[in-house]
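What follows is the residue order along each chain.
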Amino acid sequence: MPWNPLLPIISSRTMKKPPDLTKSVPAYARARRFIAGGVNSPVRAFHSVGADPVFIASACGSKLRDIDGNEYIDYVGSWGPMIAGHAHRHVVKAVSEQAARGTSFGAPTLAETALASRIAAAFRSIEKVRLVNSGTEAVMTAARLARAHTGRDMIIKTAGCYHGHSDFFLVSAGSGLAENAIASSPGVPKAITSLAVVIPYNDIDAARAAFSGHKGKIAAVIVEPVAANMGVVPPVEGYLAALRQLCDENSSCLIFDEVISGFRVAYGGAQELFGVDADITCLGKIIGGGLPIGAVGAPAEIMDLLAPDGPVYQAGTLSGNPLATAAANATLDILDGTAVGGGIPASRKDCYARLDSTSALLEKGLLDAADSSGVTVTVNRVGSIMSCFFATGPVRNFSDVQSTDIDTFKTFFAGMLARGIYLAPSAYEAMFVSLAHSRDDVDKTAAAAAETLREIAG
Ligand SMILES: *Cc1c(COP(=O)(O)O)cnc(C)c1O
């Protein structure tokens with residue numbers, strides 16, 4: 001049996017019922033024989049925390065259950081989509097009813113128009129959308145649209161923001177300010193990365209320098225308006241508005257990648273929260289309610305460039321899939337107060353107020369736990385996404401994140417998992433709170449954090 005690095009950490013703890021991972025350990029070994037790396041997305045492998053993954057059997061509400069029968073309070077939420085909680089009955093009903101009526105037609109359906117009109121109503125900057133199958137696809141289409149619309153090729157990206165796994169976006173900063181980017185993965189051609197400029201997040205001077213260094217060549221700036229793929233890093237005051245102004249001055253498109261923040265930090269995403277509009281918006285995660293989906297949205301002037309009305313090609317066999325749109329509409333029903341039933345918020349306002357108050361309690365619980373143990377942390381929170389960084393100062397960009405104490409995070413992660421709290425297995429990921437998280441969940445999480453941090457403090 002392969003050695004699971006979590007086991008010694010867990011067995012040295014004094015919890016009531018240590019998780020028994022007897023089945024997860026061989027399950028991972030077998031997965032590694034037939035799946036590259038044993039997982040279908042790298043972060044699931046727990047490599048960043050030096051451990052092996054837990055295999056999940058089922059989930060309900062705020063809880064995950066692994067194949068050994070251990071239960072965890074889940075703060076990953078499938079990396080964002082599960083804002084209503086797992087297996088929400090309203091979503092399950094919608095998906096099962098649709099499954100019985102057929103799972104894919106390759107022809108238009110009413111649910112696609114319903115979803116598109118709800119997205120357009122949620123975002124002032126969106127008149128039309130195109131549904132795709134993932135966030136990656138949404139960003140690919142957004143970039144193509146921005147280039148077609150401006151007739152330019154270069155795109156400015158901020159370090160630490162994630163925009164999916166397509167060639168163009170697997171880039172990191174080269175040396176020197178406003179230098180061309182370098183590929184962050186083998187297999188990405190130089191010819192492609194030469195069209196990217198990577199600048200630090202929250203640094204408007206760097207954005208200005210990038211524009212003046214490439215005058216008349218920038219098709220777009222793409223940014224996560226609330227960065228959540230280097231842990232949560234909120235935009236500093238005025239940053240998004242300054243990007244908006246720079247794009248206007250240079251006739252470039254501002255692309256907001258709201259794959260995480262859309263319908264999360266507010267119903268209308270970061271654009272509603274900060275009052276800054278994008279030219280092109282990318283959505284995903286939440287809008288699929290746990291099924292594969294993505295969307296790109298913009299004013300008609302830009303969206304009408306897409307085939308079949310326009311010359312810009314984009315397509316998808318399963319795009320606007322009936323199961324995904326059923327889950328999507330059911331999830332939006334829950335978020336906008338259209339759905340009725342026990343436990344479902346009565347209105348959009350109630351929904352986001354509940355997410356915020358649960359998350360504020362959790363933030364306070366983590367800060368109190370840190371205080372009482374003497375371990376220094378920085379908690380960054382925007383609504384129901386947050387990160388607990390082991391850092392003494394503010395965390396405002398990717399280099400700040402990289403200088404946080406990653407080793408302490410690993411110990412924290414293992415200690416929390418041992419106590420039944422499932423955090424993202426990486427210091428570079430957010431915690432996601434859902435409508436299903438209860439006060440009791442938060443209290444248990446805070447108590448687990450206090451115990452774990454006391455152990456860390458020694
Ligand atoms: C998850 C994510 C993506 C990629 O979405 P997939 O559905 O995984 O392809 C793109 N952008 C952001 C901001 C994301 O968080």
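Refer to the preceding data block for the structure.
Residues numbered from 1 in each chain as written. Predicted model: local features only at pLDDT ≥ 70, side-chain atom pairs only at ≥ 80, totals over all residues. Heavy atoms only, no water.

**Quick word on the packing of helix α14 (residues 406-418) against helix α15 (residues 439-457)**
Alright, step 1. The N-to-C vectors of α14 and α15 enclose an angle of 130 degrees; their axes lie 9 Å apart at closest approach. Considering the angle they form, α14 stands oblique to α15. The handedness of the crossing between α14 and α15 comes out as right-handed. Where α14 abuts α15, its residues T408, T411, F412, G415 and M416 lie against T445, A448, A449, T452, L453 and I456.
Alright, step 2. Classifying every residue of the contact of α14 with α15 by side-chain character gives 6 nonpolar, 5 polar and no charged. (Axes fitted to C-alpha atoms, helices over the stretch in contact; angles between N-to-C directions. Helix = DSSP H or I, 4+ residues; strand = E, 2+ residues; numbered from the N terminus. Parallel < 35°, antiparallel > 145°, perpendicular 65-115°, else oblique. Left-handed = near helix turned anticlockwise from the far one by under 90°. Contact = heavy atoms within 4.5 Å. Nonpolar A, V, L, I, M, F, W, Y, C, P; charged D, E, K, R; others polar.)

**Here we look at the packing of helix α3 (residues 89-101) against helix α11 (residues 322-335)**
Alright, step 1. With their axes 8 Å apart at the nearest point, α3 and α11 run at an angle of 155 degrees to one another. Taken together, the axes of α3 and α11 are roughly antiparallel relative to one another. With respect to the hand of their crossing, α3 and α11 are arranged in right-handed fashion. Contact residues: H90, V91, A94, V95, Q98 and A99 in α3; P322, L323, A326, A327, A330, T331, D333 and I334 in α11.
Alright, step 2. Of the residues that constitute the contact of α3 with α11, the class distribution is 10 nonpolar, 3 polar and 1 charged.

**Some words on the site of the ligand**
Alright, step 1. In the vicinity of the ligand, the contacting residues are S134, G135, T136, Y162, H163, G164, E224, N229, D257, V259, I260 and K285.
Alright, step 2. The backbone of Y162 places a nitrogen or oxygen atom 3.2 Å from a nitrogen atom of the ligand.
Alright, step 3. The contact in question runs from a nitrogen atom of the ligand to an N or O atom on the side chain of D257, over 2.6 Å.
Alright, step 4. Starting from 380 Å² of accessible surface for the ligand in isolation, the protein chains cover 84%.
Alright, step 5. Per-class residue counts for the shell around the ligand are 3 nonpolar, 6 polar and 3 charged. (Near = heavy atom within 4 Å. Polar contact = N/O pair within 3.5 Å; in protein donor to acceptor, adjacent residues only side chain to side chain. Areas by Shrake-Rupley, 256 points an atom, 1.4 Å probe, with all protein chains shown as cover.)

**Comments concerning the sheet that holds strand β11 (residues 280-283)**
Alright, step 1. On the basis of which strands lie adjacent, the open sheet formed by 7 strands has the order β4-β12-β11-β10-β9-β5-β8 and mixed pairing. The sheet is open, and its two borders are formed by β4 (128-132) and β8 (196-199), each paired with just one other strand. Each strand axis lies, on average, 20 degrees off the axis of its neighbour in the sheet, ignoring direction.
Alright, step 2. Summarising the sheet, β4 and strand β12 (residues 294-298) pair through 5 bridges and their orientation is antiparallel. Residue pairing across strands places K128 opposite A298, the latter belonging to β12.
Alright, step 3. Helix α7 (residues 204-213) contacts β5 (154-158), β8 and β9 (218-223) of the sheet and is inclined by roughly 155 degrees relative to β8. (Pairing = 2+ DSSP bridges.)

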